[in-house]
Amino acid sequence: MWVYQKKLQFPVNIKRKDLRMAKNLITQLGGPNGELGAALRYLSQRYSMPDNKGKALLTDIGTEELGHAEMISTMIYQLTKGATVNEMKEAGLDSLYTEHAFGIYPTDANGIPFSASTFAVTGDPLADLAEDMAAEQKARATYENLINLTNDPDLLAVLSFLRQREVVHYQRFKELFDEYVEKGLQ
Amino acid sequence: MNNVNNTYYQNYSNVNDITNIKNEESLQKNLTSITEGFRRGNIFANLYWPYKKQTYNFVPSNNRQKLLLDIMENSFYAHELNLYLDNFPNDREKIEFFNKYNKKAETLIIEYNQKYEPLTLSGNELKELPWAWEDSPWPWEGV
């Protein structure tokens, strides 16, 4: 089971409303390389890991990703806070407003709802870990695109932190992958 | 693309120039200080891979924010060691470090629970009315 702590992993305090960035950023909640998919990918794959090391790593990284989904949702909440219907319209978010008003719903940047088809569980630890390594690199690349789209330091601090987490997670998955190859574990 | 990659790897190898290593952590040359590691999102100097400007300062505006930031920094340090130890379970020095920062984070959380509002329900006795768990700010609303 999980226990909730009423805090974020890293501070999110965005003071400037930016509806366009909210629309772009939502893909890191519900898009193909997003944090929700990352959490579900690792927490689903862990059952077929061949040893306790793999079960521990996927559990612990999957748990961190749940915290990242909360951070992305927080950013979107703060980026859209106090927006009027007219502002939503002007920013091209009227279709989003129609479906969800000011609620936060996991979609990609084009409004396509989150889907478990964005990740795989093959039951083969090498195949799963290879996917996890790719997923971390794709998420890193997406964070760089988002960093290129804003100058707001409040936003950049969090995006940079989250991007760097992809770098560390990639390294941990690679270490495990290499060890399993060496041991011939499958 | 080549230019982008060159920039990455250049930064990657120059990383020690901007590492702020404090006394005790200097025993562990590979580890940053807790504050630096937290700002970077990575406590391992040899794994740090920056993109553009990567670190930002936080200036807490009151004691509550300062304590919360301390909790986040210590928790993050322990979490990073947790992931490392999952892969390298026989590193005694890192286990000692994990215990130290994990304990520190727990102590600070209890202090925060007592001084301000509950961050956790476990190990936290709620005596006041109304029920303090719902009567305190949620993380997305800022503290």
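Given the structure is predicted, the values throughout are model-derived calculations rather than measurements.

How each quantity is defined
- Residues numbered from 1 in each chain as written.
- Chains lettered and ligands numbered in written order.
- Predicted model: local features only at pLDDT ≥ 70, side-chain atom pairs only at ≥ 80, totals over all residues.
- Heavy atoms only, no water.
- Contact = heavy atoms within 4.5 Å.
- Buried area = accessible area lost by both parts, 1.4 Å probe.
- Salt bridge = Lys/Arg side-chain N within 4 Å of Asp/Glu carboxyl O.
- Polar contact = N/O pair within 3.5 Å; in protein donor to acceptor, adjacent residues only side chain to side chain.
- Helix = DSSP H or I, 4+ residues; strand = E, 2+ residues; numbered from the N terminus.
- Nonpolar A, V, L, I, M, F, W, Y, C, P; charged D, E, K, R; others polar.
- Axes fitted to C-alpha atoms, helices over the stretch in contact; angles between N-to-C directions.
- Parallel < 35°, antiparallel > 145°, perpendicular 65-115°, else oblique.
- Left-handed = near helix turned anticlockwise from the far one by under 90°.
- Buried < 20%, exposed > 50% of the residue type's maximum accessible area, 1.4 Å probe, protein only.
- Phe/Tyr/Trp six-rings, centres within 6.5 Å; stacked < 30°, edge-to-face > 60°.
- Lys NZ or Arg CZ within 6 Å of the ring centre and 35° of its normal.

Draft legend 1. Looking closely at the interface of chain B and chain A. In this assembly, 45 residues from chain B lie in contact with 39 residues from chain A. Between chain B and chain A, the buried area comes to about 3,600 Å², and carbon and sulfur atoms account for 59% of it. Applying the counting rule to chain B against chain A returns 1 salt bridge. As a salt-bridge pair, E80 of chain B and R165 of chain A come within 2.9 Å of each other at their nearest N and O atoms. For the interface between chain B and chain A, the tally reads 16 residue pairs in polar contact (both at pLDDT 80 or more). The set of elements that each furnish at least two residues to the side of chain B that touches chain A consists of α2 (34–40) and α3 (63–87) of chain B. Ranked by residue count, the leading element in the side of chain B that touches chain A is α3 of chain B, at 13 residues. For the side of chain B that touches chain A, the per-class residue count stands at 27 nonpolar, 10 polar and 8 charged.

Draft legend 2. Geometry of the packing of helix α3 (residues 35–45) of chain A against helix α4 (residues 52–80) of chain A. Residues and elements named next belong to chain A. The contact between α3 and α4 brings their axes to 8 Å, and the two run at 160°. Taken together, the axis directions place α3 and α4 in an arrangement best described as roughly antiparallel. The interaxial crossing formed by α3 with α4 has left-handed handedness. Together, E35, L36, A38, A39, Y42, L43 and Q45 of α3 and L58, T59, I61, G62, T63, E65, L66, H68, A69 and I72 of α4 make up the contact between the two elements. A class-by-class count of the residues in the contact of α3 with α4 yields 10 nonpolar, 5 polar and 2 charged.

Draft legend 3. Quick look at α3 of chain A. Here α3 of chain A lies mainly inside the structure; 8 of its 11 residues are buried. Residues of α3 of chain A that are buried make contact with α2 (27–30), α4, α7 (125–148) and α8 (153–183) of chain A.

Draft legend 4. View of the pattern of salt bridges. Residue and element names in this part refer to chain A. Here the structure, examined in full by the defined rule, presents 16 salt bridges over all chains. Of the charged contacts, one joins K174 and D178 as a salt bridge, the two residues approaching to 2.9 Å between their closest N and O atoms. Here K174 and its partner D178 are both found in helix α8, 4 residues apart, which amounts to about one turn of the helix.

Draft legend 5. Quick look at the environment of D51 of chain A. Residues and elements named next belong to chain A. With respect to the element layout, D51 can be found in the loop between α3 and α4. A residue is classified by how much of its surface remains accessible, and D51, at 18% relative accessible area, is buried. Along the chain, D51 and Y180 lie 129 residues apart, while their C-alpha atoms are 9.6 Å from each other. Leaving out residues up to four positions away in the same chain, D51 has contacts with Y180 and L185.

Draft legend 6. Region of the structure containing the packing of aromatic side chains. For the structure shown, the criterion picks out 17 aromatic pairs over all chains. A ring pair is formed by F10 of chain A and F161 of chain A, whose centres lie 4.1 Å apart and whose planes are at 20°; its orientation type is stacked. With a gap of 151 residues between them, F10 of chain A in the segment before α1 (19–25) and F161 of chain A in helix α8 connect regions that are remote in the sequence. The exposure class assigned to F161 of chain A is buried, which follows from its relative accessible area of 0%. Considering the side-chain rings of F38 of chain B and F76 of chain B, the 5.9 Å spacing of their centres and the 70° angle between planes classify their relative orientation as edge-to-face. Here F38 of chain B, found in helix α2, pairs with F76 of chain B, found in helix α3; they are 38 residues apart in sequence, far enough to count as distant. Accessibility assignment for this pair places F38 of chain B and F76 of chain B in one class, buried. Each member of the aromatic cluster is reached from another via a ring pair, and the members are F10 and F161 of chain A together with F38, F58 and F76 of chain B. Lying across the ring of F44 of chain B, R172 of chain A places its NZ or CZ 4.8 Å from the centre.

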